Amino acid sequence: MYVKICGLSEPEHVTAAVEAGADAIGFVLTESPRRVAPERAAALARLVPGHVLTVGVFRGEDPATVRAAALAAQVGAVQLHGRHPHADFTALKDLGATLVRAVDSTADLRCGAFDEDLLIVDAPRPGSGLPWDWAAVRGRPTGRWMLAGGLSPANVAEAVAAADPWGVDVSSGVEVAPGVKDSALIRSFVAQARRAG
Ligand SMILES: O=C(O)c1ccccc1NCC(=O)[C@H](O)[C@H](O)COP(=O)(O)O
């Protein structure tokens, strides 16, 4: 089970996620209570070993803005959240970064349909922490796809059993307050996700 921990902003939580065995770590570079400046993301990314993917998260920005911020943040992946057109992914292909398309369950759920490398199937409002009907997508997404939206250490096993994803992604569920991550919850989520699949 591939595990992404998203919305990190403090060194101690980046280190906790790496030591817990997370496969990917996300830094929000768009409007959000979790937003960090690209330069801070770059400083945090320097704490991450090469086998862990660093992901810059965007929603609605144009490719030129994404490119500039991703280069400044020195992340290995860019995640475009929402209804970005195929052309946005095409425009970013030469960045050499892993491309992540993040959508809700009403979108095209074939990983690679927009030339992305990874797909996230999320709740309608990203970063909301609200569970949704994960079972409703079972069998629909193809390829390397992650389930997101309202996951937590307490429910990730249930969510994996319901949707049978390739991976999982969490933000709110490992926080003690909006935007405030908790190292124990991060460790617990990774452990529970590994156990689930
Ligand atoms: O996390 C945010 O604040 C956010 C804001 C705007 C666009 C995307 C955002 N997060 C993207 C993620 O990949 C989250 O991990 C995902 O939406 C799951 O969030 P949660 O339901 O809080 O676990």
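Computed from a prediction, not measured in an experiment: that's the story for all the values here.

### Remarks on the sheet that holds strand E6 (residues 118-122)
Here comes step 1: Judged by pairing direction, the barrel is parallel, and its 8 strands sit side by side in the order E1-E2-E3-E4-E5-E6-E7-E8 before closing back on the first. Taken over all neighbouring pairs, the strand axes of this sheet differ in orientation by 25° on average, direction set aside.
Here comes step 2: Note that strand E5 (residues 98-104) and E6 share 5 bridges and pair parallel. For Val100, the partnering residue across the bridge sits in E6 and is Leu118.

### Observations concerning the UniProt feature "domain: N-(5'phosphoribosyl) anthranilate isomerase (PRAI)" (unreviewed entry) in the protein
Here comes step 1: Residues given the UniProt feature "domain: N-(5'phosphoribosyl) anthranilate isomerase (PRAI)" (unreviewed entry) here are residues 3-191.
Here comes step 2: When the span residues 3-191 is considered, its composition is 28% helix and 23% strand, and the gap between its end C-alpha atoms is 10 Å.

### Considering the pattern of salt bridges
Here comes step 1: All told, the structure shown has 10 salt bridges when counted by the stated rule.
Here comes step 2: For Asp169, the salt bridge is made with Lys4, and the minimal N-O distance between the two is 3.3 Å. With Asp169 in strand E8 (residues 167-170) and Lys4 in strand E1 (residues 2-5), the pair connects residues that are 165 residues apart, well separated along the chain.
Here comes step 3: On the accessibility criterion, Asp169 (6% relative accessible area) is buried.
Here comes step 4: Relative accessible area serves as the criterion here: at 1%, Lys4 is assigned to the buried category.

### Things to note about the nonpolar core
Here comes step 1: Counting residues in hydrophobic clusters, the biggest one holds 53 residues, and the most contacted among them are Ile5, Ile25, Phe27 and Phe189.
Here comes step 2: No other element matches helix H5 (residues 156-163), which puts 5 residues into this core.
Here comes step 3: Of all hydrophobic cores here, the second largest spans 14 residues; its members include Ala24, Leu53, Ile120 and Met146.

### Observations regarding the layout of surface pockets
Here comes step 1: Of the pockets and cavities examined, the largest pocket occupies roughly 440 Å³.
Here comes step 2: Forming the walls of the largest pocket are 30 residues, and the residues nearest its centre are Arg34, Pro126, Gly127, Ser128 and Ser171.
Here comes step 3: Listed by contribution, the elements that provide at least two residues to the lining of the largest pocket are strand E4 (77-81), E8 and strand E9 (175-177).
Here comes step 4: In terms of residue class, the lining of the largest pocket is made up of 10 nonpolar, 12 polar and 8 charged.

### Focus on the site of the ligand
Here comes step 1: Within the structure, the ligand sits among 20 residues, and Ser32, Arg34, Asp122, Ser171 and Ser172 are positioned closest to it.
Here comes step 2: Asp122 is positioned with one of its side-chain polar atoms (N or O) 2.5 Å from an oxygen atom of the ligand.
Here comes step 3: A distance of 2.5 Å separates an oxygen atom of the ligand from a polar atom in the side chain of Ser172.
Here comes step 4: Coverage of the ligand by the protein amounts to 99% of the 520 Å² it exposes when considered alone.
Here comes step 5: A majority-of-atoms criterion places the ligand in the largest pocket.
Here comes step 6: Of all the elements in the fold, those that place two or more residues in the shell around the ligand are E4 and E8.
Here comes step 7: Its residues assigned to classes, the shell around the ligand shows 4 nonpolar, 11 polar and 5 charged.

Rules used throughout
Residues numbered from 1 in each chain as written. Predicted model: local features only at pLDDT ≥ 70, side-chain atom pairs only at ≥ 80, totals over all residues. Heavy atoms only, no water. Pairing = 2+ DSSP bridges. Helix = DSSP H or I, 4+ residues; strand = E, 2+ residues; numbered from the N terminus. Axes fitted to C-alpha atoms, helices over the stretch in contact; angles between N-to-C directions. UniProt positions renumbered as here; feature names shortened; annotations may be inferred. Salt bridge = Lys/Arg side-chain N within 4 Å of Asp/Glu carboxyl O. Buried < 20%, exposed > 50% of the residue type's maximum accessible area, 1.4 Å probe, protein only. Core = buried A, V, L, I, M, F, W, Y, C linked by side-chain atoms within 4.5 Å. 1 Å grid on protein atoms, 1.4 Å probe; cavity = no way out; pocket = protein on both sides within 12 Å on 5 of 7 lines; lining within 4 Å. Points joined across faces, edges and corners; volume = space filled by probe spheres on them. Nonpolar A, V, L, I, M, F, W, Y, C, P; charged D, E, K, R; others polar. Near = heavy atom within 4 Å. Polar contact = N/O pair within 3.5 Å; in protein donor to acceptor, adjacent residues only side chain to side chain. Areas by Shrake-Rupley, 256 points an atom, 1.4 Å probe, with all protein chains shown as cover. Sits in = over half its atoms within 2 Å of the grid points.

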